[in-house]
Amino acid sequence: MWRLFAFLFLTAALACASPEAEQKVRPPNILFILSDDHAYQAISAYDTSLIRTPNIDRIAKQGMLFLNASVSNSICAPSRATILTGKHSHMHGKIDNLTPFDTSQVTFPMLFQEAGYQTAMFGKLHFGNSPKGVDDFMILPGQGHYINPDFINKKGERKQIEGYVTDVITDLTLDWLAEKRNPDQPFLMMYMHKAPHRSWWPRIDKFEKYSKLQFPEPANLFDDYSERGTAAKTAEMNILDHMLLSYDCKVMPEAVKSLGVIPDPRDENFFKNNEFYRTTEEQRKGYQAIVDSITNDFVQQWPEMDDQAKMRWKHQRYLQDYLGCIESVDDNVGRVLDYLEAHGLAENTIVIYMSDQGFYLGEHGWFDKRFMYQESFKTPLMFRWPKEVKAGLKSKALVQNLDIAPTLLAAAGIDIPEDIQGQSMLPLLNGNPEKWDRDAAYYHYYEYPAEHTVKRHYGIATERFKLIHFYYDVDEWELYDLQNDPNEMHNLYYDDAYQDTIISLKVKLAEVRREYRDGPSLDKKFLNDYLKTLKR
Ligand code: SGN
Ligand code: CA
């Protein structure tokens, strides 16, 4: 509370001083934009081969683009808990999507609220409980829906809003900025999209447009996992084998059955389980016409296709819907950026765009995330603050989602709690990269046994190498040389030429686990086993 008084006092005092002086000390506003499962391969600031995202790119061009940002656990709710607390999963306890988030913990919006910020959150949180530290919120229940979504407000009421989820979340955000924002207070806006999460339903016009487009394939679409361990071989996220024809690819279930394909329950209940049942009559007509044309194409082509052609057909269908969702995200980000500009707010508002993790768009033959391999370990991240950060910067630093909270707190001049494990990225943003000392990013994934069957693993990534240990029902190590093998196709763990590298990486891994207090490294048995692996 004292901070609020200090801030109000300062503002009042400065009202008598020059406008420049006020500009100088006024804490920045924060617009934190989070998307769900947005692969960096689908942002043109990173990669122009799949889609143009001119609005998201604006943030990068006018600020700093992080080329090696990663998450500490590549799955939705754990990553969000890490963003909000600045801690690794084992410290905040939300190790997977199922464990409830312990709301007695401090999250950064609470600290902003206490410091005198006006705070709000709109969109997907996915904690199973309501956010703390926000004056206003409208959140999607659980994963939420794309079409005519329901929202939960601060009073706990549930309200359905007609429209497409990405547009609706943006409308709520813009309405709040226009009608509820108090110009005498700085604001923290958490603007959090559901898109482009599975099952990838674009708005009707984008669905139509993208269903007619074709996209390039990644070099390793047909990865057979022969040079990697058990985990990659047993994961159930292969586009050919595990992507569903109705639920995901939007072929009418009768057509799937008529061709003798055994339907998954999610396919059988296409209408009940999917977004279709939420449409108004008019929306239904629009979607149905496109679903019918997809179904016709399927019926004509599928019987003649071999497995390779089926993989290609499903991959195209997948990208069409996924990228159609992204175009709406980009348009809507543009609406909010325009609002900031039109209202003189752009200069002193920090805008962050990131995803809760990356995603496979066919690399290794996959969709989904979870693995520590590049496409899901890395996440898009860009940061704009015209008043303090130069335009057009790029950083290769090994920043992680746990650095968001301390960075924003530092930027706002709010004390960073001592138990936060992330580091402020301000030195990088201010052009002092020598003050950034992380040389290995730590990762730990837990959600197994579970959907997609990605085995538990932890590891470290340096600028050049990645060392991963899969455990629980296996005990396997993998090493990748990111310079010589950027697509991570060859596990080098058993290669004699890399044994010294492995030892130094294992020492680093033990150090990092100790520093972050990740349980087993402090355990005697673990240390003994660990020393044995060094002597292997
Ligand atoms: C759902 C999806 C999964 C996805 C998880 C986690 N299946 O369960 O494919 O991995 O969410 O996603 S679905 O049949 O319900 O679409 S996360 O972003 O929430 O972590
Ligand atoms: Ca996600």
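Small disclaimer: the values here were computed from a predicted structure and weren't measured. Note on numbering: residues in each chain are counted from 1, in written sequence order. The naming scheme follows written order: chains are lettered A onward, ligands numbered 1 onward. Per-residue local features are limited, in this predicted model, to residues with pLDDT of at least 70; the limit for side-chain atom pairs, both in listing and counting, is 80 or more; totals at the level of whole chains, interfaces and linings are taken over all residues. Think of the side-chain values as coming from all heavy atoms in the structure, minus any hydrogens and water.

### Here we look at the overall build of the protein
Here comes step 1: The secondary structure listing takes helices from DSSP runs of H or I that are at least 4 residues long and strands from runs of E that are at least 2 residues long, numbered from the N terminus. Counting secondary structure elements, the protein contains 20 helices and 14 strands.
Here comes step 2: Relative to the globule expectation of 24 Å for 536 residues, the C-alpha radius of gyration of the protein, 24 Å, shows essentially globular dimensions.
Here comes step 3: Expressed as lengths along the three principal axes of its C-alpha atoms, the size of the protein is roughly 80 × 65 × 40 Å.
Here comes step 4: Buried positions account for 60% of the 536 residues belonging to the protein.
Here comes step 5: Any two residues whose heavy atoms approach within 4.5 Å at even a single point are treated as in contact. Expressed as a percentage of contacts within the protein between residues at least 6 apart in sequence, the contacts between residues at least 24 apart total 68%.
Here comes step 6: Calculation of accessible area relied on Shrake-Rupley with a 1.4 Å probe; when residues are assessed, cover is drawn exclusively from the protein chains displayed. When the accessible surface of the protein is split by element, carbon and sulfur atoms take 51% of a total near 21200 Å². The globule rule used here is 2.2 Å times the number of residues to the 0.38 power, and the radius of gyration it is set against is calculated over C-alpha atoms. Relative accessibility decides the category of a residue: with a 1.4 Å probe and only protein chains considered, values under 20% of the type maximum give buried, values over 50% give exposed, and everything between is partly exposed.

### Focus: helix α4 (residues 76–85)
Here comes step 1: Where burial is concerned, most of α4 is hidden: 10 out of the 10 residues are buried.
Here comes step 2: Of the positions making up α4, those classed as buried are Cys76, Ala77, Pro78, Ser79, Arg80, Ala81, Thr82, Ile83, Leu84 and Thr85.
Here comes step 3: Looking at the residues trailing α4, positive phi occurs at Gly86, about 75°.

### Concerning the domain arrangement of the protein
How big an interface is tends to be stated in terms of accessible area lost as the parts join.
Here comes step 1: Here the limits of each domain have been adopted from an automatic or database domain assignment. Under the domain assignment, the protein is made up of domain 1 (27–199 + 326–430), domain 2 (222–320) and domain 3 (443–535).
Here comes step 2: Once you take the C-alpha centre of each, domain 1 and domain 3 turn out to be 29 Å apart.
Here comes step 3: Between domain 1 and domain 3 the total buried area reaches about 2400 Å² when both faces are included, carbon and sulfur atoms providing 59% of it.
Here comes step 4: Joining two parts hides part of their accessible area as seen by a 1.4 Å probe, and the buried area is that hidden amount summed over both. Sorting the residues of domain 1 by area buried against domain 3 places Arg370, Met372 and Tyr373 first, and these three jointly supply 31% of that buried surface.

### Digging into unusual backbone geometry
Here comes step 1: Pro196 follows Ala195 through a cis peptide bond whose omega is -5°.
Here comes step 2: The phi angle at Asn148 is positive, at roughly 45°, despite the residue not being glycine.
Here comes step 3: One can find Asn148 in the loop between β4 (136–139) and β5 (150–153).
Here comes step 4: Classification of Asn148 by relative accessible area gives buried; the value is 4%.

### Some details on helix α15 (residues 307–342)
Here comes step 1: The span expected for a helix works out to 1.5 Å for each residue beyond the first. Over its 36 residues, α15 extends 52 Å from the first C-alpha to the last, a length consistent with the 52 Å expected when each residue adds 1.5 Å.
Here comes step 2: With 27 of its 36 residues buried, α15 lies for the most part within the structure.

### Considering the layout of surface pockets
Here comes step 1: A volume near 640 Å³ is recorded for the largest pocket.
Here comes step 2: Here a cavity is any set of points on a 1 Å grid over the protein atoms alone where a 1.4 Å probe fits but cannot get out, and a pocket is any open set with protein on both sides within 12 Å along at least 5 of 7 lines; a residue lines the site when it has an atom within 4 Å of a point. Around the largest pocket sit 31 residues that line it, and Tyr40, Gln374, Glu375, Lys378 and Pro486 are the ones nearest its centre.
Here comes step 3: Where the lining of the largest pocket is concerned, the elements lending two or more residues are α15 and α16 (374–377).
Here comes step 4: Per element, the largest residue contribution to the lining of the largest pocket is three residues, and it comes from α16.
Here comes step 5: When we break the lining of the largest pocket down by domain, the ones giving at least three residues each are domain 1 (27–199 + 326–430) and domain 3 (443–535).
Here comes step 6: Grid points are joined across faces, edges and corners, and a volume is the space filled by probe spheres set on the points. A volume near 370 Å³ is recorded for the second largest pocket.
Here comes step 7: Taken together, 24 residues line the second largest pocket, and the ones lying closest to its centre are Gln143, His197, Arg198, Tyr247 and Glu451.

### Here's the deal with the packing of aromatic side chains
Here comes step 1: Pairing of aromatic side chains here covers Phe, Tyr and the six-membered ring of Trp, requires ring centres within 6.5 Å, and sorts the geometry by plane angle: under 30 degrees stacked, over 60 edge-to-face, intermediate tilted. What the rule picks out here adds up to 36 aromatic pairs.
Here comes step 2: When the ring of Phe112 is compared with that of Tyr117, the centres are 4.8 Å apart and the planes differ by 85°; the resulting orientation is edge-to-face.
Here comes step 3: Residue Phe112 is classed as buried on the basis of its relative accessible area, which comes to 0%.
Here comes step 4: Tyr117 gets classed as buried once you look at its relative accessible area, which sits at 3%.
Here comes step 5: Taking the centre distance of 6.3 Å and the plane angle of 10° together, the rings of Tyr210 and Phe215 count as stacked. Both residues of the pair, Tyr210 and Phe215, count as buried.
Here comes step 6: A connected cluster of aromatic rings, assembled from ring pairs, spans Tyr225, Tyr360, Trp366, Phe371, Tyr373, Phe470 and Tyr480.
Here comes step 7: By definition, being over a ring means that NZ of Lys or CZ of Arg is both within 6 Å of the ring centre and within 35 degrees of the ring normal. Sitting over the ring of Tyr458, Arg513 keeps its end group 3.7 Å from the ring centre.

### Examining the site of ligand 1
Here comes step 1: Close contacts around ligand 1 come from 17 residues, with Arg266, Asp368, Arg370, Glu451 and His452 the closest.
Here comes step 2: A distance of 3.5 Å separates an oxygen atom of ligand 1 from a polar atom in the side chain of Asp36.
Here comes step 3: Contact between ligand 1 and Glu451: an oxygen atom at 2.7 Å from a side-chain N or O atom of the residue.
Here comes step 4: Think of it this way: if more than half of a molecule's atoms are within 2 Å of a pocket's grid points, that molecule is in the pocket or cavity. When each cavity is represented as a set of grid points, ligand 1 is found to reside in the second largest pocket.
Here comes step 5: Looking at side-chain class alone, the shell around ligand 1 contains three nonpolar, five polar and nine charged residues. One heavy atom within 4 Å of a molecule or strand is enough for the residue carrying it to be called near that molecule or strand. Any N or O atom pair separated by 3.5 Å or less is treated as a polar contact, with the protein-specific requirement of one donor-capable and one acceptor-capable atom, and with residues adjacent in sequence counted only for side-chain atom pairs. Basically, the charged four are Asp, Glu, Lys and Arg, the nonpolar ten are Ala, Val, Leu, Ile, Met, Phe, Trp, Tyr, Cys and Pro, and anything else, Gly included, counts as polar.

### A word on the coordination of the calcium ion (ligand 2)
Here comes step 1: Only nitrogen, oxygen and sulfur atoms count as donors, using a 2.8 Å cut-off from the metal that widens to 3.2 Å for Na, K and Ca. Water is left out, so coordination shells may look unfilled. For the calcium ion (ligand 2), the full set of protein donor atoms is Asp36 (OD), Asp37 (OD), Asp356 (OD), Asp356 (OD) and Gln357 (OE1), at a range of 2.1 to 2.8 Å.
Here comes step 2: Site shape is set this way: if four donors have all angles between 85 and 135 degrees, tetrahedral; if opposite donors are over 155 degrees apart and all others between 65 and 115, square planar for four donors and octahedral for six; otherwise irregular. Coordination at the calcium ion (ligand 2) comes from six donor atoms whose angles at the metal span 50 to 173°, giving a geometry best classed as irregular.
Here comes step 3: Given a relative accessible area of 0%, Gln357 falls into the buried group.

### Brief notes about the side chain of Asp321
Here comes step 1: Topologically, Asp321 is positioned in helix α15.
Here comes step 2: Taking relative accessible area as the criterion, Asp321 reaches 1% and is therefore assigned buried.
Here comes step 3: Contact partners of Asp321, with chain neighbours within four places excluded, come to Trp200, Pro202, Phe207, Asp248 and Lys250.

### Describing the sheet that holds strand β10 (residues 393–395)
Here comes step 1: Criterion used throughout: strands pair if DSSP finds at least two bridges between them. The 10 strands are arranged β6-β5-β4-β3-β7-β1-β8-β9-β2-β10 in an open sheet whose pairing can be described as mixed. Each edge of the open sheet is held by one strand with a lone partner, namely β6 (158–160) and β10. Ignoring which end each strand starts from, the neighbouring axes of this sheet average 15° apart.
Here comes step 2: Angles run from 0 to 180 degrees between N-to-C directions of axes, and those axes are lines fitted to C-alpha atoms, restricted for helices to the stretch in contact. Against the sheet, helix α3 (residues 54–61) contacts β1 (29–35), β2 (64–66), β8 (349–355) and β9 (381–384), and its axis sits at roughly 65° relative to β9.
Here comes step 3: Packing against the sheet, helix α17 (residues 404–412) makes contact with β1, β8 and β9, and its axis sits at approximately 175° to β8.

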